[in-house]
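Here is how the chains run, residue by residue.
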2 protein chains.
Amino acid sequence: MPIDPTAVGNSGGPQDRSWTSKDCLLYSLGVGAGIDELNFSTEKNQEVLPTFAVIIGGGGVPFNKIGSFNPAMLVHGEQAIEVYRPIPAEGTLRSTGRVAAIWDKGEGKAAVVVMESESVNAETNEPLFKTTMSAFLRGEGGFGGERGPSAPKTNVPDRAPDHVVSYDTRPDQALTYRLSGDRNPLHSDPEFAKMAGFDRPILHGLCTYGFTGRALLHAICDGQVDRFKSMSVRFSKPVMPGDTLTISMWIDGNEAAFQTRTQNDVVVIDHGKFTFA
Amino acid sequence: MPIDPTAVGNSGGPQDRSWTSKDCLLYSLGVGAGIDELNFSTEKNQEVLPTFAVIIGGGGVPFNKIGSFNPAMLVHGEQAIEVYRPIPAEGTLRSTGRVAAIWDKGEGKAAVVVMESESVNAETNEPLFKTTMSAFLRGEGGFGGERGPSAPKTNVPDRAPDHVVSYDTRPDQALTYRLSGDRNPLHSDPEFAKMAGFDRPILHGLCTYGFTGRALLHAICDGQVDRFKSMSVRFSKPVMPGDTLTISMWIDGNEAAFQTRTQNDVVVIDHGKFTFA
């Protein structure tokens, strides 16, 4: 059975998930928050990085309703979060998901599946955040669906950025990051990575997402998590553990466009859009 | 009530403790095992660093039977492990402890309490390892006990070492290491560290112990955990996160003397004694 475009609108969940203060600390270390961000990396006056939403959120998405595909051909294409309030350092949430869109990029090309998930605090029912992810299912195009919208080549204005922040990742960055949950051996096992066509294990896209989120939080929101409202990206190229990530930001009112590049000037996150208070 | 030297021989426990594969991986990252030691830092063909014994072992020691003391004045003076078989990547152990010795270093000086703990696999009853720790209780001397043995100034022979291994620690090393259990703010909170008389948070002695154990394992045992038999040390000076640790080893049959120094040539682990097969 190929991809079924009529699955759009199907929902899943509710799915509950609990997390602890330690989970938040481990995530913070995984995305590079260290001794200069002790409110995120230790339990003293602990706060939670807004991008931690991608770890505990996303539940209830009904992948089982979109037809069959080869999970090894799935590529994480885009990721967005909308954060309604600061994430508590521990708690339980309840997530419901839905298939937001399915696009057909053509025979021999990809099917694109857009999944949304809304999470509320399971104890108080307060909305916490929404996560949206686009999965590229390589080779699954050609099922007779619509092509979907095309994005402009870039969303970055033709002027110097307002903020530029650089962070080094470490050669063992993926080993720490993966303990937050994504144990895909593509990010840790050299043999597996070679079979997948890479010289060595690549960094998790969502790890780059976390580094980029820290840059936005500190450069634009002065580190105040309640000012961090939403962040959407397209993953454009793989990052290698040990790469230096440079995040450039262009402010426009309460929005910012941003891009993340490596030390080789390769754009690894594109179409970045950030909103803040 | 001061320290009670008649507490020697008192026992405690049994105390059970379970651990998971993830606990072992987090510990490995905390003591610097990264992409060159994937059998310790990922779950593929996972093995466990022998020094992980200090994390899951030590249970059942009857600190409540030695009299009263100020825990803030406790300094970890010495640590030893004897490892009877490779530690499984997950399991449950059962520990029993005893007060092995109490020494009196004199009025205004320290009481030294030596605690031993034996751990067996709770499912099979097989002996796993023994841990021995000496705690210096500063200011608790003068209770009328024996002074105890004096160690020679050093156990290192007057010749060039047989092996020298250097590892960098990271500025955020203690933040990762502490997630293995020891959340003492001396290792993370700059204000707390200042009150304790340090410029900034210091590294856990047992983190330095873990780095040193990795050096012994790789240089002497070719990375084979079943050849790692015992490792005892004295902690002589604090280590700062970010320091480079250089471990020098002098082989004598199936034993080795070792020392760990920082980049400033300060000896931070002395009286190191290692046995191997």
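What you are looking at is a predicted structure, and each value in this text was computed from that prediction instead of being measured. (Residues numbered from 1 in each chain as written. Chains lettered and ligands numbered in written order. Predicted model: local features only at pLDDT ≥ 70, side-chain atom pairs only at ≥ 80, totals over all residues. Heavy atoms only, no water.)

Participant: When you look at the interface of chain B and chain A in this model, what are you seeing that I'm missing?
Facilitator: Interface size is often expressed as the accessible area that is lost when the parts come together. On the side of chain A, 24 residues touch chain B, which itself brings 24 residues to the contact. By the criterion of area lost to chain A, the three top residues of chain B are K22, L175 and L179 of chain B, representing 23% of everything that side buries. At the junction of chain B and chain A, the tally comes to ten salt bridges. Of the charged contacts in the structure, one is a salt bridge between E43 of chain A and R178 of chain B, with a shortest N-O distance of 2.8 Å. Our count for the contact surface shared by chain B and chain A stands at nine residue pairs in polar contact (both at pLDDT 80 or more). The set of elements that each furnish at least two residues to the side of chain B that touches chain A consists of helix 1 (21–30), helix 2 (38–41), helix 4 (173–177) and helix 5 (190–195) of chain B. Top contributing element to the side of chain B that touches chain A by residue count: helix 1 of chain B, with five residues. (Contact = heavy atoms within 4.5 Å. Buried area = accessible area lost by both parts, 1.4 Å probe. Salt bridge = Lys/Arg side-chain N within 4 Å of Asp/Glu carboxyl O. Polar contact = N/O pair within 3.5 Å; in protein donor to acceptor, adjacent residues only side chain to side chain. Helix = DSSP H or I, 4+ residues; strand = E, 2+ residues; numbered from the N terminus.)

Participant: Where do I start with the relation of the copies chain B and chain A in this structure?
Facilitator: Each of the two chain copies goes to the other by way of a rotation about an axis and a shift along it. If you rotate chain B by 180 degrees and push it 0.0 Å along the axis, it lands on chain A with an RMSD of 0.0 Å. Taken together, the rotation and translation relating the two chain copies correspond to the operation of a two-fold axis. Take the interface residues of chain B: 100% of them recur as interface residues in chain A, which is what a same-surface contact looks like. (Least-squares fit on C-alpha atoms with pLDDT ≥ 70 in both.)

Participant: I tried to follow a positive patch on the surface on my own but got confused; where do I start?
Facilitator: Together, R17 and K22 of chain A together with R17 and K22 of chain B line one region of the surface with positive charge. By the secondary structure assignment, R17 of chain B is in strand 1 (residues 11–19). (Patch = residues over 30% accessible without salt bridge, like charges linked within 9 Å, V, L, I, M, F, W, Y side chains within 5 Å. Areas by Shrake-Rupley, 256 points an atom, 1.4 Å probe, with all protein chains shown as cover. Lys, Arg positive; Asp, Glu negative; His and termini not counted. Charge placed at Lys NZ, Arg CZ, Asp CG, Glu CD.)

Participant: What am I meant to see in the pattern of salt bridges here?
Facilitator: Scanning all chains against the criterion turns up 28 salt bridges over all chains. The closest approach of N and O atoms between E43 of chain A and R183 of chain B, which form a salt bridge, is 3.1 Å. Here R183 of chain B lies in the loop between helix 4 and helix 5 and E43 of chain A lies in the loop between helix 2 (38–41) and helix 3 (53–56), a pairing that spans two chains. In this structure E43 of chain A comes out as partly exposed when scored by relative accessible area, which is 29%. Among the ionic pairs, D172 of chain B bridges to R170 of chain A, the shortest N-O distance being 3.5 Å. Taken together, the residues D172 of chain B in the loop between strand 6 (163–168) and helix 4 and R170 of chain A in the loop between strand 6 (163–168) and helix 4 (173–177) connect one chain to another. The exposure classification of D172 of chain B matches that of R170 of chain A, with both residues buried. (Buried < 20%, exposed > 50% of the residue type's maximum accessible area, 1.4 Å probe, protein only.)

Participant: Teacher, can you tell me more about the environment of D265 of chain B here?
Facilitator: All names here are of chain B. Positionally, D265 belongs in the loop between strand 9 (255–261) and strand 10 (267–276). Expressed as a C-alpha distance, the spacing of D265 and T244, which sit 21 residues apart in the sequence, is 10.0 Å. Polar contacts involving the side chain of D265 include one to the side chain of R261, which spans 3.2 Å.

Participant: Is there a simple way to explain the environment of G12 of chain A in this structure?
Facilitator: Residue and element names in this part refer to chain A. In this fold, G12 is placed in strand 1 (residues 11–19). Considering only alpha carbons, one finds G12 and T96, 84 residues apart in sequence, at a separation of 5.8 Å. Not counting the four nearest positions on each side in its chain, G12 is found in contact with G60, P62, T96 and G97.

Participant: Before we go on, may I ask you to explain the sheet that holds strand 4 (residues 111–121) of chain B in this structure?
Facilitator: The strands that make up a sheet are held in pairs by hydrogen bonds between backbone atoms, and each pair lies either parallel or antiparallel. Residue and element names in this part refer to chain B. Ordered in space as 1-3-4-5-2-7-10-9-8-6, the ten strands form an open sheet in which the pairing is antiparallel. Each edge of the open sheet carries a strand with a single partner, namely strand 1 and strand 6. Along the sheet, successive strands turn relative to each other by an average axial angle of 20 degrees, direction set aside. Along the sheet face, helix 6 (residues 205–221) touches strand 2 (74–83), strand 6, strand 7 (228–235), strand 8 (244–252), strand 9 and strand 10 and points at about 140 degrees away from the line of strand 7. (Pairing = 2+ DSSP bridges. Axes fitted to C-alpha atoms, helices over the stretch in contact; angles between N-to-C directions.)

Participant: Mind showing me how you'd approach the sheet that holds strand 6 of chain A here?
Facilitator: Residues and elements named next belong to chain A. Read across the open sheet, the ten strands follow the order 1-3-4-5-2-7-10-9-8-6; overall the sheet is antiparallel. With partners counted over all chains shown, the strands left at the sheet margins are strand 1 and strand 6, one partner each. Going from strand to strand, the sheet's axes swing by 20 degrees on average, the running direction of each strand aside. When strand 2 (residues 74–83) meets strand 5 (residues 127–137), the two strands line up antiparallel, connected through nine bridges. Directly across from E82, in strand 5, lies its bridge partner K130. In the packing of helix 6 (residues 205–221) onto the sheet, the strands contacted are strand 2, strand 6, strand 7 (228–235), strand 8 (244–252), strand 9 (255–261) and strand 10 (267–276), and the crossing angle to strand 7 comes to about 140 degrees.

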